Amino acid sequence: MALSNAQPALLVLADGSSYQGWSFGATGTALGEVVFNTGMTGYQEVLTDPSYRGQIVTFTYPELGNTGVNSDDEESSQPQIKGTIARNICPKPSNWRSTQSLPDYLKQHNILAIYGIDTRALTRKLRSVGAMNGAISTEILDPMELLLHVQQAPSMAGLNLVREVTTSTVYEWSDTTDPDWQYGSAVTTADGEPFTVVAIDFGIKRNILRRLASYGCRVIVVPANTPADEILQYNPDGIFLSNGPGDPATVKEGITTTKALLEAQKPMFGICMGHQILGLSLGGETFKLKFGHRGLNQPCGLSQQVEITSQNHGFAITAESLANVDVEITHLNLNDRTVAGLRHKSLPLFSVQYHPEASPGPHDADYLFEQFIQAMHQHRQTKA
């Protein structure tokens, strides 16, 4: 559906290709890495996921905005993306949970958006050429002029965006009561004392915190640059390494902290960037994927067991770099055989490249939270 009085907008990619469309967000110019997400639902969670910081997201589903937006589905306090690309939009949502239309929401938060372009052709280009920088503009409608701005944007490789999204203060997550977010069985401790989990915030999603809390954990969230000795002062039963944006190899403080925490031999669980940070701290290496994995139906597994997973990442651990590391690969992405999970052979450490908290997405991998709880339970028994 077309918006009345829609303003012309232009999308230009770093290779010089351009796409004319119409604006359904804020006005101005936005620069970022242009990527695509293949999910059929969950656009609001995508918009507010800190892992998308610095990116312009192409949605392959042909229409956005049908269900509007609401505060319950936000994965952070505000949209994190630089811009949105859609084929069609729905300016009048129809859903009992909706409190605002998508165009109004984007305008409120000053996020540029373009619709009316061939998103299938754009996605095919990004798959064949690779994700690249681009710009959306409502004020610069000359492709060559906008291309000059795109050429000045920094590459995602080598870019540390964690410092832009991590919390500035320590806080304790307390959202444990909403029954709409409960699924699976909570694991309780034998002594009745909740497990204390310190979550290092590289750009953490709210549903990760909800899942940890729903399993009975006391969750303390700390900034990404928190030193190991400060984290250990909380006497945590376990340490969680969160998702986050940008190039994991640039998050030097997080890698240093994780290396130091390995010596404490406490249970540690990493998701997405947390998986990459753990791999780097153990001596592995990471590389930038051609176009990344972003969607809700990525198959992962090993040894004839498959999980359908939610994913959002543009970097991965190099499998060969783990050859002399005391870890085993537990999951592979079955589309391209990249490392999707690992576990230390002697320490209670494990991680996955995908999102078992599934917001949005399937719940196939929620058991990983229970495995983390069980590891903390065993660790507490060992100390007793």
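Presented here is an overview of the structure given in this document. (Residues numbered from 1 in each chain as written. Predicted model: local features only at pLDDT ≥ 70, side-chain atom pairs only at ≥ 80, totals over all residues. Heavy atoms only, no water.)

### Topic: the sheet that holds strand 1 (residues 8-13)
Rules: For two strands to be treated as a pair, DSSP must find at least two bridges joining them. Each helix corresponds to a stretch of at least 4 residues labelled H or I by DSSP, and each strand to a stretch of at least 2 residues labelled E; elements are numbered beginning at the N terminus. Lines fitted to the C-alpha atoms define the axes, with helices restricted to the stretch that makes contact. Angles between their N-to-C directions range from 0 to 180 degrees. Note on contacts: a residue pair qualifies if any of its non-hydrogen atoms lie within 4.5 Å across the two residues.
Strand order around the closed barrel formed by 7 strands is 1-2-8-6-4-3-9, with mixed pairing between neighbours. Averaged over neighbouring strand pairs, the angle between their axes works out to 35° when direction is ignored. Sheet analysis places strand 3 (residues 29-37) next to strand 9 (residues 132-137), joined by 6 bridges and oriented antiparallel. Bridge pairing in strand 9 places threonine 29 opposite serine 137. Packing of helix 4 (residues 143-150) onto the sheet brings it into contact with strand 1, strand 2 (18-23), strand 3 and strand 9, and relative to strand 1 it is tilted by some 55°.

### Side note on empty space enclosed by the protein
The condition that has to hold: Definitions used throughout: a 1 Å grid over protein atoms alone; a cavity as a set of points that fits a 1.4 Å probe which cannot get out; a pocket as an open set with protein on both sides within 12 Å along at least five of seven lines; a lining residue as one with an atom within 4 Å of a point. Grid points are joined across faces, edges and corners, and a volume is the space filled by probe spheres set on the points. Note on residue categories: nonpolar means Ala, Val, Leu, Ile, Met, Phe, Trp, Tyr, Cys or Pro, charged means Asp, Glu, Lys or Arg, and polar means any other residue, Gly included.
For the coordinates displayed, the defined rule picks out 3 cavities of 30 Å³ or more. Considering the residues around the largest cavity, the lining is formed by 18 residues, among which Gly244, Gly246, His313, Gly314 and Phe315 are closest to the centre. Of all elements in the fold, only helix 9 (273-281), strand 15 (286-302) and strand 16 (305-317) reach the threshold of two or more residues within the lining of the largest cavity. Sorting elements by how many residues they give to the lining of the largest cavity places strand 16 first, with 4 residues. Residue composition of the lining of the largest cavity, by class: 5 nonpolar, 9 polar and 4 charged. The computed volume of the second largest cavity comes to approximately 100 Å³. Val46, Asp49, Tyr52, Ser310 and Pro360 are the residues nearest the centre of the second largest cavity, which is lined by 15 residues in total.

### Brief notes about unusual backbone geometry
Here the residue pair serine 359 and proline 360 is connected by a cis peptide bond, since its omega of 0° sits within 30 degrees of zero. Tracing the backbone through its elements, the reader meets proline 360 in the loop between strand 19 (349-352) and helix 10 (367-383). Of note, glutamine 265 is a non-glycine position whose phi angle comes to about 55°, a positive value. Counting through the fold element by element, glutamine 265 comes out in the loop between helix 8 (252-262) and strand 14 (268-271). The backbone of cysteine 272 shows a phi angle near 60°, a positive value even though the residue is not glycine.

### Description of the pairing of strand 13 (residues 238-241)
Defined as follows: For every residue, the accessible area obtained with a 1.4 Å probe (protein chains only) is divided by the maximum for its type, and the residue is called buried under 20%, exposed over 50%, and partly exposed between those limits. For a crossover, the right-handed case is the one in which the path from the first strand over the helix to the second runs clockwise, viewed with the strands pointing away from the viewer.
In strand 13, alternate side chains face the same way, and those of Gly238 and Phe240 on one face and Ile239 and Leu241 on the other are all buried. Pairing of strand 11 (residues 196-201) with strand 13, which is carried by 4 bridges, proceeds in the parallel orientation. Paired with isoleucine 200 across the two strands is leucine 241, which belongs to strand 13. As paired strands, strand 13 and strand 14 are joined by 3 bridges and run parallel to one another. Opposite isoleucine 239, over in strand 14, you have methionine 268 as the bridge partner. Crossover handedness for the path strand 13 to helix 8 to strand 14: right-handed.

### Focus on the sheet that holds strand 14
Consider a sheet: its strands pair through backbone hydrogen bonds, and that pairing is either parallel or antiparallel. Read across the sheet, 10 strands follow the order 10-12-11-13-14-19-18-17-15-16 without closing on themselves; strand pairing throughout is mixed. Only two strands of the sheet have a single neighbouring strand rather than two, namely strand 10 (171-173) and strand 16. Each strand of the sheet is rotated relative to its neighbour by a mean of 25°, with strand direction disregarded. Across the sheet, helix 6 (residues 206-214) is in contact with strand 10, strand 11, strand 12 (218-223), strand 13 and strand 14; its angle to strand 10 comes to roughly 65°. Each of strand 11, strand 13, strand 14, strand 16, strand 17 (327-333), strand 18 (339-344) and strand 19 touches helix 10; the most contacted strand, strand 14, lies at about 160° to it.

Any link to function would need more than the numbers given here.
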